[in-house]
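So the chains spell out like this:
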Amino acid sequence: MMMLMANGEGEIGLPAAVAALQGGASALTAVERGIGVVEADPSIHSVGRGGIPNLLGEVECDAAIMNGRTLQVGVVGALQGYLNAISVARQVMERLPHAVLAGDGARRFAAEIGARKADMVTEEARAFHRQWLEKHLSDERLAAWPEGPLAEYAWITAKSVMAKGTTIYLALDEQGRMAGGTSTSGWAGKYPGRLGDSPIIGAGLYVDERYGACGCTHTGEMTIRLSTAHAVVQSMKHGATVEEACRDAAQEIVDLKEGFLGPVAIHAIDAKGNAHAVSTRDLGEKIKYCVWFEGTSQPECRRTPAL
Ligand code: ASP
């Protein structure tokens, strides 16, 4: 049975992803199409064009895609200047002997395959970044910017409520193939080169169609420590329901007491297409996930419950 799960950020891409599945496309293509719509929408400030920049004012995008049948993966990290990081990630998987490309190499590969270039920093994002600098930097640092150490500013962004978020898609197609994808511009105001969990297979994304798929959002630093997405899929392999697997992984995050701590939302489907999501703490009304099943006209969106 065909189905799709996306988190709230991914909602606007669902019609394109559903149409792809209904038209007979693979789960991989549905994931790429759905995420591609979100990446191109400048009103979504956590993904793709319009994302909130890093400390230097650059939008660095991370994306991953995973084929749940073959366990092949394609990943890009800190990619600048290209509209659809998810499509570049898919091409890494399909055209290279590698799984992950980052930074300048990812950009070079995107150019080589003719990926769509774009000015990823919108006027709105530029203004936001400028205002942030003016608020947090001394006149002296501002005049010399970006010379000097940046670490203290990364800590300021850690404490603020600047935009965070990732687009997650998990899909099952007509032929029973499962795929998943993630895309994000990452932690707003991050230290340049910082990768979150979205481009770390096993942390922010894992798909094995024999058991299920999982994608995570919010504080990537947490799921990287616990390989959360892989842990959820492994729990299902060992007999947990999708809900038990999500809750157990969320509890592991809550149990961490040392180091930088932040909330996480976990999204998963099992091999039959049952879906569940949970957040490690109440992230407010806006945090939701959407599920579409074959034979229904509309995806159904629900608030993501807290553990
Ligand atoms: N998980 C993403 C990251 O760590 C960001 C997010 O979803 O808020 O980059």
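Participant: Quick question: what am I supposed to make of the overall build of the chain here?
Facilitator: In terms of regular secondary structure, the chain is built from ten helices and twelve strands. Expected size for 307 residues packed as a compact globule is a radius of gyration near 19 Å; at 18 Å, the chain falls within 12% of this value. For the C-alpha atoms alone, the extent of the chain along its principal axes is close to 60 × 45 × 35 Å. Out of the 307 residues belonging to the chain, those deemed buried represent 55%. A sequence separation of at least 24 residues applies to 68% of the contacts in the chain between residues at least 6 apart. Of the accessible surface of the chain, which amounts to about 12900 Å², a share of 50% is contributed by carbon and sulfur atoms. If the 29 positive side-chain charges of the chain are averaged to one point and the 36 negative ones to another, these points end up 1 Å apart.

Participant: Looking at this model, I keep getting lost on helix α10 (residues 242–254). Mind explaining?
Facilitator: Since the α-helix advances by 3.6 residues per turn, residues separated by three or four positions end up pointing in the same direction. Taking 1.5 Å as the rise per residue, α10 with 13 residues should run 18 Å; its terminal C-alpha atoms sit 18 Å apart, in good agreement. Buried residues of α10: V242, A245, C246, A249, A250 and I253, and no others. In an axial view of α10, the angular spread of the buried residues amounts to 130 degrees, which keeps them on one side of the axis. Lining the buried residues of α10 we find α8 (220–226), α9 (228–237), β9 (264–270) and β10 (275–279).

Participant: Just checking my understanding: could you explain the site of the ligand for this structure?
Facilitator: Surrounding the ligand, one finds K164, G165, T166, G186, R194, G196, D197, T217, H218 and G220. Residue R194 places a side-chain N or O atom 2.7 Å away from an oxygen atom belonging to the ligand. At 2.5 Å, a backbone N or O of H218 approaches a nitrogen atom of the ligand.

Participant: Hey, could you run me through the sheet that holds strand β12 (residues 300–303) in this one?
Facilitator: Hydrogen bonds along the backbone pair up the strands of a sheet, which may run parallel or antiparallel. As summarised here, the arrangement of the eight strands in space is β4-β3-β2-β6-β5-β1-β11-β12, forming an open sheet in which the pairing is mixed. Both outer strands of the open sheet, β4 (100–102) and β12, are each paired with one neighbouring strand and no more. Averaged over all adjacent pairs, the angle separating strand axes in this sheet is 10 degrees, with direction ignored. Pairing geometry for strand β2 (residues 61–67) and strand β6 (residues 178–184), over six bridges, is antiparallel. Within the sheet, the bridge partner assigned to D62 lies in β6 and is T184.

Participant: Explain the sheet that holds strand β7 (residues 205–208) here, please?
Facilitator: With respect to topology, four strands assemble into an open sheet ordered β7-β8-β9-β10, the strand pairing being antiparallel. The outermost strands of the open sheet, each flanked by one partner alone, are β7 and β10. On average, each strand axis in the sheet is tilted by 10 degrees relative to the strand beside it, whichever way the strands run. Bridge count for β9 against β10 is five bridges, and the pairing is antiparallel. Looking across to β10, one finds that I269 is bridged to A275. Against the sheet, α9 engages β7, β8 (212–218) and β9, with an angle of about 150 degrees to β8. Across the face of the sheet, α10 comes into contact with β9 and β10 while running at roughly 155 degrees to β9.

Parameters and conventions
- Residues numbered from 1 in each chain as written.
- Predicted model: local features only at pLDDT ≥ 70, side-chain atom pairs only at ≥ 80, totals over all residues.
- Heavy atoms only, no water.
- Helix = DSSP H or I, 4+ residues; strand = E, 2+ residues; numbered from the N terminus.
- Rg over C-alpha atoms; globule rule 2.2 N^0.38 Å.
- Buried < 20%, exposed > 50% of the residue type's maximum accessible area, 1.4 Å probe, protein only.
- Contact = heavy atoms within 4.5 Å.
- Areas by Shrake-Rupley, 256 points an atom, 1.4 Å probe, with all protein chains shown as cover.
- Lys, Arg positive; Asp, Glu negative; His and termini not counted.
- Charge placed at Lys NZ, Arg CZ, Asp CG, Glu CD.
- Expected span 1.5 Å × (residues − 1).
- Arc of directions from axis to C-beta.
- Near = heavy atom within 4 Å.
- Polar contact = N/O pair within 3.5 Å; in protein donor to acceptor, adjacent residues only side chain to side chain.
- Pairing = 2+ DSSP bridges.
- Axes fitted to C-alpha atoms, helices over the stretch in contact; angles between N-to-C directions.

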